[in-house]
Amino acid sequence: MLQLNGTVFMPSVLTLIGIPGLESVQFWIGLPFCAMYIVALFGNFLILVIIKSEHSLHEPMYLFLAMLGVTDIALSTCILPKMLGIFWFHSPEILFDACLFQMWLIHTFQCTESGILLAMALDRYVAICDPLRHASIFTHKLLTQIGAGVTLRASVLIALCLILIKCRLKHYRTTVVSHSFCEHMAIVKLAAEDTRINKIYGLFVAFIILGFDIIFITLSYIRIFVTVFKLPQKEARLKAFNTCIAHICVFLVFYLLGFFSSFTHRFGFHIPSYIHILLSNLYLLVPPFLNPIVYGVKTKQIRDRVSKIFHLKDAS
């Protein structure tokens, strides 16, 4: 690691300080974060087991839910072990390349989750607005293509963020990252060189993926609501609307936290840094924690299966 004119040339190791300003209470902050991670793992694994074991759940809605569960497990696992290492075991160092790899994994799974939420919204749109064609459109082949497509879209676009960092940014003002995980803007801000291209591309990826997805998800639900309110029977309207409630809850949690975190990180100059970092952490941890709870409560087939599993355990 070479020091040149007060800057560091191509650092090999970075230091993650956790949550700046809250170092003295990070141990206690780690406790609810760890509890959320355990619930996320257990809940998502339980949903995956239920969907796999129940042949009647091998339908597009539940297969998309399984994809969401796998993504949530991977996303939370990318961040929590290292974060708890910082909070509990005072292990803040991370190799620069390992930090970039963590950044790529985190943002790739974020964007993949957004694509899956879009696919789930389109699935509900076809199921409610054109039910006779639903089975012929959402075939297992299409589901596989959608899963591969949203993953490839995310991994390629985020990989270009890594390439821009590796190829353009050689000198860094510091090796201390004021964050609890490796986030794109947190790394770019360390550079002592012109970072406008990196920042512009980061915003481009956010809008081309998250912006595109949220527009089409919103349009899908507007069309769904118009169709539902035109149904003549009240029971049919309630049944159709009830199938969308869980999706809407997950959709709102994911995007509201995401956009609030992103914009405060970039433009909230008067907001304390620990607020930025806490919001970023919650954005990654809350959806994996809440998704299995929301779907477990609002989806009758999953709720009945969970009740049956625990009833059998109680009986034995």
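Criteria and cut-off values
- Residues numbered from 1 in each chain as written.
- Predicted model: local features only at pLDDT ≥ 70, side-chain atom pairs only at ≥ 80, totals over all residues.
- Heavy atoms only, no water.
- UniProt positions renumbered as here; feature names shortened; annotations may be inferred.
- Axes fitted to C-alpha atoms, helices over the stretch in contact; angles between N-to-C directions.
- Helix = DSSP H or I, 4+ residues; strand = E, 2+ residues; numbered from the N terminus.
- Left-handed = near helix turned anticlockwise from the far one by under 90°.
- Contact = heavy atoms within 4.5 Å.
- Nonpolar A, V, L, I, M, F, W, Y, C, P; charged D, E, K, R; others polar.
- Phe/Tyr/Trp six-rings, centres within 6.5 Å; stacked < 30°, edge-to-face > 60°.
- Buried < 20%, exposed > 50% of the residue type's maximum accessible area, 1.4 Å probe, protein only.
- Salt bridge = Lys/Arg side-chain N within 4 Å of Asp/Glu carboxyl O.
- Disulfide = S-S within 2.5 Å.

An unreviewed UniProt entry lists the protein under the name Olfactory receptor, from Muntiacus muntjak. Database annotation for the protein, UniProt heading Sequence similarities (unreviewed entry): "Belongs to the G-protein coupled receptor 1 family."

What to know about the packing of helix α3 (residues 96-129) against helix α5 (residues 140-168)
In contact at an axis separation of 8 Å, α3 and α5 are set at 145° when each is read in the N-to-C sense. With respect to the hand of their crossing, α3 and α5 are arranged in right-handed fashion. Facing α3, whose interface residues are Phe 96, Asp 97, Leu 100, Met 103, Trp 104, His 107, Thr 108, Cys 111, Thr 112, Gly 115, Ile 116 and Ala 119, α5 presents Ile 146, Val 150, Thr 151, Arg 153, Ala 154, Ser 155, Ile 158, Ala 159, Cys 161, Leu 162, Ile 165 and Lys 166. Classifying every residue of the contact of α3 with α5 gives 15 nonpolar, six polar and three charged.

Remarks on the packing of aromatic side chains
All chains considered together, the criterion is met by 15 aromatic pairs. With centroids separated by 6.2 Å and ring planes inclined at 85°, the aromatic side chains of Phe 64 and Phe 138 adopt a geometry described as edge-to-face. On the criterion of sequence distance, the pair formed by Phe 64 in helix α2 (residues 60-89) and Phe 138 in the loop between α4 (134-137) and α5 is long-range, its members being 74 residues apart. Judged by its relative accessible area of 0%, Phe 64 is buried. An aromatic cluster is present here, built from Tyr 221, Phe 225, Phe 229, Phe 251, Phe 254, Tyr 255 and Tyr 283 joined pairwise through their rings.

Description of the pattern of salt bridges
For the coordinates displayed, the defined rule picks out six salt bridges. A salt bridge links Asp 97 to Lys 166; its shortest N-O distance comes to 3.0 Å. Taken together, the positions of Asp 97 in helix α3 and Lys 166 in helix α5 put the pair 69 residues apart, joining distant regions of the chain. A relative accessible area of 49% places Asp 97 in the partly exposed class. Asp 130 is paired through a salt bridge with Arg 133; the nearest N and O atoms lie 3.5 Å apart. Looking at Arg 133, the relative accessible area reads 47%, which means it is partly exposed.

Here we look at the state of the cysteines
Under the definition given, this model contains one disulfide. Residue Cys 99 pairs covalently with Cys 182 via a disulfide, S to S 1.9 Å. Between Cys 99 and Cys 182 the disulfide shows an S-S torsion of about -115°. By sign, it is left-handed. Of the two residues, Cys 99 sits in helix α3 while Cys 182 sits in the loop between β6 (176-177) and α6 (184-188), which places them 83 residues apart along the sequence. Here Cys 99 falls in the buried class, since its relative accessible area comes to 0%. Distance from the sulfur of Cys 34, which forms no disulfide, to the nearest cysteine sulfur (Cys 78) is 16 Å. Its relative accessible area of 17% is what places Cys 34 among the buried residues.

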